[in-house]
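These are the residues of each chain, in order.
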Amino acid sequence: MLLEFLYSKIHRATVTDANLNYVGSITIDEDILDKAKMKEGQKVDVLNINNGERLQTYIIAGKRGSKVFCLNGAAARKAEVGDKIIIVAYALMTQEEADKFKPSIVQLNDKNEVV
């Protein structure tokens, strides 16, 4: 049996942009994606700490070193620039795999730098 477990999390990212006139998704600095072991196209939950909004979308890799966290398309209505968000990815695992697995947790400061 497969169960869904936390795979990785980016904690307390600051929204840098919201682009309503885009197809959809969340753009994230590729350096931060690497640290979180997340991939472009991966499904994620975005949790807005400021207003309690939660949404599912997929990742677009942003420019390395840009520290960008941009909600695109309809997701842009769920956050404002400056809001703090958590990005969460999950993976299907057997209980045995989960017992050995350690999720990647990336904590950011107010400038979207890894702490």
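Keep in mind it's a predicted model, so treat the numbers as computed, not measured. (Residues numbered from 1 in each chain as written. Predicted model: local features only at pLDDT ≥ 70, side-chain atom pairs only at ≥ 80, totals over all residues. Heavy atoms only, no water.)

### Some details on the side chain of glutamine 42
Piece 1. In this structure, glutamine 42 sits in the loop between helix 1 (30–36) and strand 4 (43–48).
Piece 2. Within the structure, glutamine 42 has its side chain in polar contact with the backbone nitrogen of lysine 39 (distance 3.0 Å).
Piece 3. Not counting chain neighbours up to four residues away, the residues in contact with glutamine 42 comprise Tyr7, Lys37, Thr57, Tyr58, Ile59 and Ala89. (Helix = DSSP H or I, 4+ residues; strand = E, 2+ residues; numbered from the N terminus. Polar contact = N/O pair within 3.5 Å; in protein donor to acceptor, adjacent residues only side chain to side chain. Contact = heavy atoms within 4.5 Å.)

### Focus: the nonpolar core
Piece 1. Among the nonpolar cores identified, the biggest contains 22 residues, and Ile10, Ile26, Ile28, Met38, Phe69 and Ile87 are the most heavily contacted of them.
Piece 2. For this core, the elements supplying multiple residues, two or more each, are strand 1 (3–14), strand 3 (25–29), helix 1, strand 4, strand 5 (54–62), strand 6 (69–72) and strand 7 (84–93).
Piece 3. Once residues within four sequence positions are removed from consideration, isoleucine 28 is found in contact with Ile10, Leu33, Ile59, Ile60, Ala61, Gly62, Val68, Phe69 and Ile87. (Core = buried A, V, L, I, M, F, W, Y, C linked by side-chain atoms within 4.5 Å. Buried < 20%, exposed > 50% of the residue type's maximum accessible area, 1.4 Å probe, protein only.)

### Considering a nonpolar patch on the surface
Piece 1. On the surface, Leu6, Tyr90 and Ile105 cluster together into a nonpolar patch covering about 250 Å² of accessible area.
Piece 2. Here tyrosine 90 shows up in strand 7. (Patch = residues over 30% accessible without salt bridge, like charges linked within 9 Å, V, L, I, M, F, W, Y side chains within 5 Å. Areas by Shrake-Rupley, 256 points an atom, 1.4 Å probe, with all protein chains shown as cover. Salt bridge = Lys/Arg side-chain N within 4 Å of Asp/Glu carboxyl O.)

### A look at the packing of aromatic side chains
Piece 1. Tallied over the full model, the rule gives 1 aromatic pair.
Piece 2. Ring geometry for tyrosine 7 versus phenylalanine 101: centroids 5.8 Å apart, planes at 15°, classification stacked. A residue pair is termed long-range when its members are at least 10 positions apart, and tyrosine 7 in strand 1 and phenylalanine 101 in the loop between helix 2 (95–100) and strand 8 (104–107) qualify at 94 residues. (Phe/Tyr/Trp six-rings, centres within 6.5 Å; stacked < 30°, edge-to-face > 60°.)

### Considerations on the side chain of asparagine 48
Piece 1. Mapped onto the secondary structure, asparagine 48 falls in strand 4.
Piece 2. The class of asparagine 48 is buried, set by a relative accessible area of 6%.
Piece 3. Looking at asparagine 48, its side chain comes within polar contact range of the side chain of aspartate 83, at 2.9 Å.

### Some details on the environment of glutamate 40
Piece 1. Among the structural elements, glutamate 40 can be located in the loop between helix 1 and strand 4.
Piece 2. Placed 13 residues apart in sequence, glutamate 40 and threonine 27 show a C-alpha to C-alpha distance of 9.0 Å.
Piece 3. Those residues in contact with glutamate 40 that lie beyond four places of it in its chain are Ile59, Ile60 and Ala61.
Piece 4. In this structure the side chain of glutamate 40 is engaged in a polar contact, spanning 3.1 Å, whose partner is the backbone nitrogen of alanine 61.

### Topic: the pairing of strand 7
Piece 1. Taking burial as the measure, the 10 residues of strand 7 include 8 buried ones, the bulk of the element.
Piece 2. Where strand 4 lies against strand 7, 4 bridges are found, and the strand directions are antiparallel. Bridging from a neighbouring strand, valine 46 pairs with isoleucine 87 of strand 7. (Pairing = 2+ DSSP bridges.)

### Quick notes on the sheet that holds strand 6
Piece 1. Across the sheet, 8 strands lie side by side as 2-6-3-5-4-7-1-8; this open sheet has mixed pairing. Strands with a single pairing partner mark the edges of an open sheet, and in this sheet they are strand 2 (17–19) and strand 8. Strand-to-strand, the axes of this sheet are offset by a mean angle of 30°, without reference to chain direction. (Axes fitted to C-alpha atoms, helices over the stretch in contact; angles between N-to-C directions.)

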